[in-house]
Amino acid sequence: MDILGRKPQITIVSVQGRPGVDPVALANLESVADVTFVARGDLPALTRDEAVELLGSADIVGLTPKVTPPLDRELLSQLPRLRAVGLHATGTDLYDLAALRENNVQLAMLPEYSTESVAEHAMAMLLSLSRRVHLAHDRSRGLVPMSTSLRGFELAGKTMGIIGYGRVGQRVAQLASAFGMSIVACDPRPDKEEGVTYLPMEDLLSASHVVVVACSRHHSDPPLLRAEELALMPLGASLAVVSRAAVVDTNAAADAIRSGRLRGYAVDDAVVDIERDGDLLTEGRIVQTGHAAWWSDEVLTRGATQWIESLYALAVGAPINLDPDAAPPQPHPIGRVA
């Protein structure tokens, strides 16, 4: 409660609404806050006008990426009561972190709920590229000609470069090591972990047979890997992205495949221009997985609990997992438990 004895007002917007969260965690949250659910179902993300109408009276909002409008300076100016956002996701690129900081709005996320699933998905994408599993499946169904080559390559003995050596990147390294791969990494805040060689990104790209991109992306950042960076990779290298697709210039990746620079490109999204590069999809040289890396039974279970626990922590003034680049913890007229 605040100093006037008022519970914070929390609005939670998601696909399922109340049925999609853990009931025990929700009971705890409702003991300290007035909670309103908005279930979007199959509707698209909130428009700006809908966001202002539905979130305008909230001190705290809980949002999932599928229903989230870009939370930028313009929208924040129309939500003067907003003091905190609890995000059901790890990536924060839909949010203008500088604008949140300027408006003293805290941003909490779920940094660990999907680590294992995303890391396993990264290896699955690499195995698709190296063993041509997806293409073999299509050929067996008559979707591509029988003359289509299924020739692959082994991961064992290769060097994997990991851009973004956080939770996901480190777990990918563990899995890749089990395949007999050597690991090099690039990260702006490297941990001093034994057995890992850190390199500048340019050196990593030139040294790696396989590159996995697992770094975060900030709001409106330009692509990290463009034609110039991709040109540094060895001929016949492969690239897999399990972070936001926008970290790579998609057209540049397709061009690198056509030139022979890249052997394959896997991305956890659906971003390829079918008219421009649909043939690369048909040939199996580009693999798109439509943002499915996080989608598992275990992640759904963990998220249903951790998200509500995160909102509870915001409500009682003891926030957890705040984005370090967004607003620092500040006292608010919410979350002061009487």
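Residues numbered from 1 in each chain as written. Predicted model: local features only at pLDDT ≥ 70, side-chain atom pairs only at ≥ 80, totals over all residues. Heavy atoms only, no water.

### Some details on the environment of His291
Which entries qualify depends on this criterion: A helix here means a DSSP run of H or I that spans at least four residues, while a strand means a run of E at least two residues long, and both kinds are numbered starting from the N terminus. Buried means the residue's accessible area, taken with a 1.4 Å probe over protein chains only, is under 20% of the maximum for its type, while exposed means over 50%, and partly exposed covers the values in between. Between two residues, a contact is recorded if the distance between any of their heavy atoms is within 4.5 Å.
As for its position among the elements, His291 is in the loop between strand 12 (286–288) and helix 12 (297–315). Taking the relative accessible area as the measure of exposure, His291 reaches 39% and is therefore partly exposed. On a C-alpha basis, the gap between His291 and Val85 in space is 22 Å, while along the polypeptide they are 206 residues apart. For His291, the contacting residues outside a window of four places in its chain are Arg244, Asp268 and Asp269.

### Quick word on the pattern of salt bridges
As a reminder, the rule being used: In the sections that follow, a salt bridge refers to a side-chain nitrogen of Lys or Arg positioned within 4 Å of a carboxyl oxygen of Asp or Glu.
Applying the stated criterion across every chain yields a total of 17 salt bridges. The residue Asp277 makes a salt bridge to Arg258 at a minimum N-O spacing of 3.0 Å. A residue pair is termed long-range when its members are at least 10 positions apart, and Asp277 in helix 11 (residues 274–282) and Arg258 in helix 10 (residues 250–259) qualify at 19 residues. When its relative accessible area of 41% is taken as the criterion, Arg258 is described as partly exposed. The partner of Arg276 in a salt bridge is Asp277, with the nearest N and O atoms 2.6 Å apart. Three or more residues joined by partner-sharing salt bridges are found here, namely Asp255, Arg258, Arg276, Asp277 and Asp279.

### Details of the sheet that holds strand 8 (residues 197–198)
Definition in use: Strands qualify as paired when DSSP identifies two bridges or more between them.
Pairing is parallel across the open sheet formed by seven strands, whose spatial order is 8-7-6-9-10-11-12. Every other strand in the sheet has two partners, leaving strand 8 and strand 12 as the edge strands with one partner each. In terms of strand pairing, strand 10 (residues 237–241) meets strand 11 (residues 262–267) through five bridges, oriented parallel. For Ala240, the partnering residue across the bridge sits in strand 11 and is Ala266.

### Comments concerning the pairing of strand 6 (residues 159–163)
Regular strands place their side chains on alternate faces of the sheet. Using the following cut-off: By definition, the crossover connecting two strands over a helix is right-handed if that path, from the first strand to the second, turns clockwise as seen with the strands pointing away from the viewer.
Across the five residues of strand 6, five count as buried, placing the element largely inside the fold. Side chains Thr159, Gly161 and Ile163 of strand 6 all project onto a buried face; the interleaved residues Met160 and Ile162 project onto the opposite face, where all are buried too. For the crossover from strand 6 across helix 7 (residues 167–178) to strand 7 (residues 182–186), the handedness is right-handed. Relative to strand 9 (residues 210–213), strand 6 is paired through four bridges, and the arrangement is parallel. Looking at the pairing, Ile162 lines up with Val212 of strand 9.

### Some remarks on the pairing of strand 2 (residues 34–39)
Bridge analysis of strand 1 (residues 9–14) against strand 2 gives six bridges, and the strand direction is parallel. Looking at the pairing, Ile10 lines up with Val35 of strand 2. Handedness of the crossover joining strand 1 and strand 2 through helix 1 (residues 23–30): right-handed.

### Some points on the nonpolar core
Across soluble globular proteins, you tend to see nonpolar side chains buried next to one another. Here is the rule we go by: In these notes, a set of buried Ala, Val, Leu, Ile, Met, Phe, Trp, Tyr and Cys residues joined through side-chain atoms within 4.5 Å is what counts as a nonpolar core.
The biggest cluster of nonpolar side chains holds 77 residues, and the ones touching the most others in it are Ile12, Leu29, Val85, Tyr95, Leu100, Met160 and Val172. By residue number, the principal contributor to this core is helix 5 (residues 115–131), which donates seven residues. Counting 29 residues, the second largest nonpolar core, distinct from the first, contains Ile163, Met201, Ile257 and Leu262.

### Some points on the environment of Asp325
Among the structural elements, Asp325 can be located in the segment after helix 12. In sequence terms Asp325 and Leu100 are 225 residues apart; their C-alpha atoms lie 9.4 Å from each other. Every residue in contact with Asp325, bar those within four places of it in the chain, is listed here: Leu97, Arg101 and His218.

### Quick look at the packing of helix 1 against helix 12
When two helices pack together, their arrangement is given by the angle between their axes and by how far apart the axes lie. Heads up, the condition is: For helices, the fitted axis covers only the stretch in contact; all axes are lines through C-alpha atoms, and the angles between them, taken along N-to-C directions, range from 0 to 180 degrees. Angle categories are assigned with fixed cut-offs, so that under 35 degrees is roughly parallel, over 145 is roughly antiparallel, 65 to 115 is roughly perpendicular, and the rest are oblique. Each crossing gets its handedness from the near helix: less than a right angle anticlockwise from the far helix is left-handed, clockwise is right-handed. Here the nonpolar group is Ala, Val, Leu, Ile, Met, Phe, Trp, Tyr, Cys and Pro; Asp, Glu, Lys and Arg are the charged ones; every other residue, Gly included, is treated as polar.
At a closest axis distance of 9 Å, the pairing of helix 1 and helix 12 adopts a crossing angle of 10°. On the basis of their axis angle, the class for helix 1 and helix 12 is roughly parallel. Here the hand of the crossing between helix 1 and helix 12 comes out left-handed. Counted together, Ala25, Leu26, Asn28 and Leu29 of helix 1 and Thr305, Ile308, Glu309, Leu311, Tyr312 and Ala315 of helix 12 form the full contact between these two elements. Each residue belonging to the contact of helix 1 with helix 12 can be placed in one class, and the counts come to seven nonpolar, two polar and one charged.

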